[in-house]
Amino acid sequence: DITCDLFANGYRLPTEAEWEKAARGALVFSDGANPLPDRRYPWGNEDPRLALAYGVPGSVRANVSALTATTPQPIFDGALPVGSFPPGAGPYGHLDLLGNVAEWCFDWVDLGYYAASPDVAPIGVADVSPTVNDWKALRGDSWEQAYIPGMAAFTSEEGCGKRRWAPYTYRSGDLGFRVARSQR
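Residues numbered from 1 in each chain as written. Predicted model: local features only at pLDDT ≥ 70, side-chain atom pairs only at ≥ 80, totals over all residues. Heavy atoms only, no water.

Draft legend 1. Seen up close, the overall build of the chain. Looking only at helices and strands, the chain features three helices and nine strands. Within the chain, the fraction of its 184 residues that count as buried is 43%. In the chain, once contacts between residues fewer than 6 apart in sequence are set aside, the share between residues at least 24 apart is 64%. (Helix = DSSP H or I, 4+ residues; strand = E, 2+ residues; numbered from the N terminus. Buried < 20%, exposed > 50% of the residue type's maximum accessible area, 1.4 Å probe, protein only. Contact = heavy atoms within 4.5 Å.)

Pasting the structure below:
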């Protein structure tokens, strides 16, 4: 069995709820209300691909694929150095939450989990003994395409709200991770 104490000191993968809060922000910040708590992207509601629709080569907010009439196409041939898109910072200053690489989360995927999950800080299914058929949650889009091969999505949302998953053994050049830190 794999276990993780989310409250112990140390580094770990963020839960989906933590990842989404980093991308959307809290309802209230220390200096006042969040002006966009339902923001579609970490920086607001401007689609990072809009510049591409007008013939501008690339987005100023995220390393995402271009939208074409038939299929998404990479703009850059791979992930770029972290911080290459400062205008894409999230409400807490996190960079590359959307674009560059999709990110693994701590949560195991159960399609029915959120219908009965706690309202505050859900952590996904906790009692999984992984097999090759078990799935881990992924958040964010990648440089290669919005729908990464081998992943599926079960929401029509894009950006911060998009949930994806893959077998925990899946590897790809457009998948990565960021770490969260628990402090007591």
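Draft legend 2. Representation of the pairing of strand E7 (residues 163-167). Of all five residues that make up E7, five are buried, and the element is covered over most of its length. Bridge analysis of strand E5 (residues 135-139) against E7 gives five bridges, and the strand direction is antiparallel. For Trp135, the partnering residue across the bridge sits in E7 and is Pro167. (Pairing = 2+ DSSP bridges.)

Draft legend 3. View of the pattern of salt bridges. Tallied over the full model, the rule gives eight salt bridges. The shortest N-O distance in the salt bridge between Glu16 and Arg139 comes to 3.0 Å. Residue Glu16 is located in helix H1 (residues 16-24), and its partner Arg139 is located in strand E5; the two are separated by 123 residues in the primary sequence. By relative accessible area, which is 1% here, Glu16 ends up buried. Where Arg178 meets Glu103, a salt bridge forms, and the shortest distance between an N and an O atom there is 2.8 Å. Residue Arg178 is found in the loop between strand E8 (175-176) and strand E9 (180-182), and its partner Glu103 is found in strand E4 (residues 102-108); the two are separated by 75 residues along the sequence. (Salt bridge = Lys/Arg side-chain N within 4 Å of Asp/Glu carboxyl O.)

Draft legend 4. Examining unusual backbone geometry more closely. Unusually for a residue other than glycine, Asp96 sits at a positive phi of about 60°. Taking the relative accessible area as the measure of exposure, Asp96 reaches 10% and is therefore buried. Backbone geometry places Asn100, a non-glycine residue, at a positive phi of 70°. Within the element layout of this structure, Asn100 appears in the loop between helix H2 (50-53) and E4. The class for Asn100 is buried, based on a relative accessible area of 7%.

Draft legend 5. Up close: the nonpolar core. By size, the foremost hydrophobic cluster in this structure holds nine residues: Trp19, Ala22, Ala23, Leu97, Cys105, Val109, Ala137, Cys160 and Trp165. When residues of this core are assigned to their parent elements, the largest contribution, three residues, is made by H1. With residues near it in sequence (within four places) discarded, Leu97 still touches Trp19, Ala22, Ala23, Pro42, Glu103, Gly140 and Arg178. (Core = buried A, V, L, I, M, F, W, Y, C linked by side-chain atoms within 4.5 Å.)

Draft legend 6. Spotlight on the environment of Trp135. When you line up the elements, Trp135 lands in strand E5. Overall, the relative accessible area of 33% leaves Trp135 in the partly exposed class.

Draft legend 7. Molecular detail of the confidence of the model for the chain. On average, residues of the chain score 77 in pLDDT, and 72% of them reach the 70 mark or higher. Confidence drops under pLDDT 50 across residues 147-156; counting only partners more than four residues distant or on other chains, this segment forms 34 contacts. (pLDDT = per-residue confidence, 0-100.)

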